[in-house]
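Descriptive structure summary
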Amino acid sequence: EIVPNYEKRRQTTVMEVDKLLPSGNCRLCGEATCFIFATKIVAGQTSLDRCVRLFEAEFAGQRNHLEQMLGIAAE
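In every chain, residue numbers begin from 1 and rise along the written sequence. Note on the predicted model: pLDDT of at least 70 is required for a residue's local features to be given, and 80 or more for side-chain atom pairs to be given and counted; whole-chain, interface and lining totals, by contrast, use all residues. Based on all heavy atoms of the structure, the side-chain values leave hydrogens and waters out of the count.

1. Some remarks on the overall build of the chain
Worth spelling out the cut-off: Numbering goes from the N terminus for both helices and strands, where a helix is a DSSP run of H or I of at least four residues and a strand is a run of E of at least two. For the exposure calls, accessible area comes from a 1.4 Å probe over protein chains only, and a residue counts as buried if that area is under 20% of its type's maximum, exposed if over 50%, partly exposed in between. For this analysis, residues touch if any pair of their heavy atoms sits within 4.5 Å. Only the protein chains shown count as covering a residue, and every accessible area follows the Shrake-Rupley method with a 1.4 Å probe. The convention is simple: Lys and Arg are positive, Asp and Glu are negative, and His and the chain ends are not counted. Think of each charge as sitting on NZ of Lys, CZ of Arg, CG of Asp or CD of Glu.
When helices and strands are counted, the chain shows 3 helices and 0 strands. Reading the secondary structure of the chain in the N-to-C direction produces α-α-α. C-alpha extents for the chain along the principal axes are approximately 45 × 25 × 20 Å. Per-residue burial over the chain gives 27% buried out of 75 residues. Long-range contacts, defined here as pairs at least 24 residues apart, represent 45% of the contacts in the chain between residues at least 6 apart. As displayed, the chain has an accessible area near 5600 Å², and 51% of this comes from carbon and sulfur atoms. Positive and negative side-chain charges of the chain, numbering 9 and 10 respectively, have mean locations separated by a distance of 7 Å.

2. Comments concerning the nonpolar core
What counts is decided by this rule: The definition of a nonpolar core used throughout is a set of buried Ala, Val, Leu, Ile, Met, Phe, Trp, Tyr and Cys residues joined through side-chain atoms within 4.5 Å.
If you look at the biggest cluster of nonpolar residues, it comprises 13 residues, and the most contacted ones within it are V17, L21, F37, L54 and L66. Those elements giving two or more residues to this core turn out to be helix 1 (14–20) and helix 2 (34–43). No other element matches helix 2, which puts 4 residues into this core. The residues touching L54, leaving out its near neighbours within four places in the chain, are L20, L21, P22, L48, F59, Q62, R63 and L66.

The following block contains the structure:
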């Protein structure tokens, strides 16, 4: 039996994701800018692990926050 869940979930915005990315428009993810990458993350067209810089030690806090926002299980 399926039980419906009526709890409202707030959609993560592109700006929220973009603010937590390392920035710099390095293009290592294959996108021209971090904003485009953030847009594709929110749309479900790419995955967070494509941002190489986000997995550097200095960005661990931002990565964890993004994973929580997006509902991604930490490895």
